[in-house]
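# Summary of the model geometry
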Amino acid sequence: AGTVTPALYRGEQGLGWAIEGGEVDWHQAEVLTKRYVHETDTVNGRDHKRMELTLSCGNVITVDEVLLATGFGKKRPGGALINNLVETFGLRVSDFCGFPIVD
């Protein structure tokens, strides 16, 4: 089970709202395989590189991007190693768990 901050669920800009509105699909599973697929947009004729993912629940989905909940709790994992990286490189960290924010 991953950790998603409560703030992401709140209000019209929240994840919960996007899931209920059909803008985001929620899958709680492991990714077993990934392959890139190219699709042509029927509206503007542009090619899009997407990912086809096979999930541990048996679903195969094609996506533009993946948002991950890592499963970390409210304490920064990694101990001294992560603490040193944050301090040395001035990494931005989450207010929720203190873990470095990734792109």
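Just above, that's the structure.
Residues numbered from 1 in each chain as written. Predicted model: local features only at pLDDT ≥ 70, side-chain atom pairs only at ≥ 80, totals over all residues. Heavy atoms only, no water.

Turning to the sheet that holds strand S2 (residues 47-55), a few remarks are in order. With respect to topology, three strands assemble into an open sheet ordered S1-S2-S3, the strand pairing being antiparallel. At either end of the open sheet lies a strand with only one pairing partner, and these are strand S1 (31-40) and strand S3 (60-63). The sheet shows a mean angle of 25 degrees between the axes of neighbouring strands, taken without regard to direction. With four bridges connecting them, S2 and S3 associate as antiparallel partners. Within S3, the position partnered with Leu 53 by the bridge is Ile 61. (Pairing = 2+ DSSP bridges. Helix = DSSP H or I, 4+ residues; strand = E, 2+ residues; numbered from the N terminus. Axes fitted to C-alpha atoms, helices over the stretch in contact; angles between N-to-C directions.)

Within the secondary structure layout, Trp 26 lies in the loop between helix H1 (15-20) and S1. Here the alpha-carbon distance between Trp 26 and Leu 15, two residues 11 residues apart in the chain, equals 9.6 Å.

Let's shift gears to the pairing of S3. Looking along a regular strand, one sees the side chains alternate between the two faces of the sheet. Judged by which residues are buried, S3 turns out to be one-sided: Ile 61 and Val 63 face inward and are buried, whereas Val 60 and Thr 62, on the alternate face, are not. Adjacent in sequence and paired antiparallel, S2 and S3 are bridged by four residues, among which Gly 58 carries a positive phi angle near 100 degrees. (Buried < 20%, exposed > 50% of the residue type's maximum accessible area, 1.4 Å probe, protein only.)

Attention shifts here to the packing of aromatic side chains. All told, the structure shown has zero aromatic pairs when counted by the stated rule. Here the basic side chain of Lys 49 rests over the ring of Tyr 36, its NZ or CZ set 4.3 Å away from the ring centre. (Phe/Tyr/Trp six-rings, centres within 6.5 Å; stacked < 30°, edge-to-face > 60°. Lys NZ or Arg CZ within 6 Å of the ring centre and 35° of its normal.)

Nonpolar side chains collect at one region of the surface, where Leu 81, Leu 85, Phe 89 and Leu 91 lie side by side and expose about 390 Å² of accessible area between them. Along the chain, Phe 89 turns up in helix H2 (residues 79-89). (Patch = residues over 30% accessible without salt bridge, like charges linked within 9 Å, V, L, I, M, F, W, Y side chains within 5 Å. Areas by Shrake-Rupley, 256 points an atom, 1.4 Å probe, with all protein chains shown as cover. Salt bridge = Lys/Arg side-chain N within 4 Å of Asp/Glu carboxyl O.)

Examined against the element boundaries, Arg 50 turns out to sit in strand S2. We classify Arg 50 as buried; its relative accessible area is 18%. Side-chain polar atoms of Arg 50 contact the backbone oxygen of Thr 62, separated by 3.3 Å. Filtering out sequence-adjacent residues up to four positions away, Arg 50 remains in contact with Arg 35, Tyr 36, Val 37, Glu 39, Thr 62, Val 63 and Asp 64. (Polar contact = N/O pair within 3.5 Å; in protein donor to acceptor, adjacent residues only side chain to side chain. Contact = heavy atoms within 4.5 Å.)

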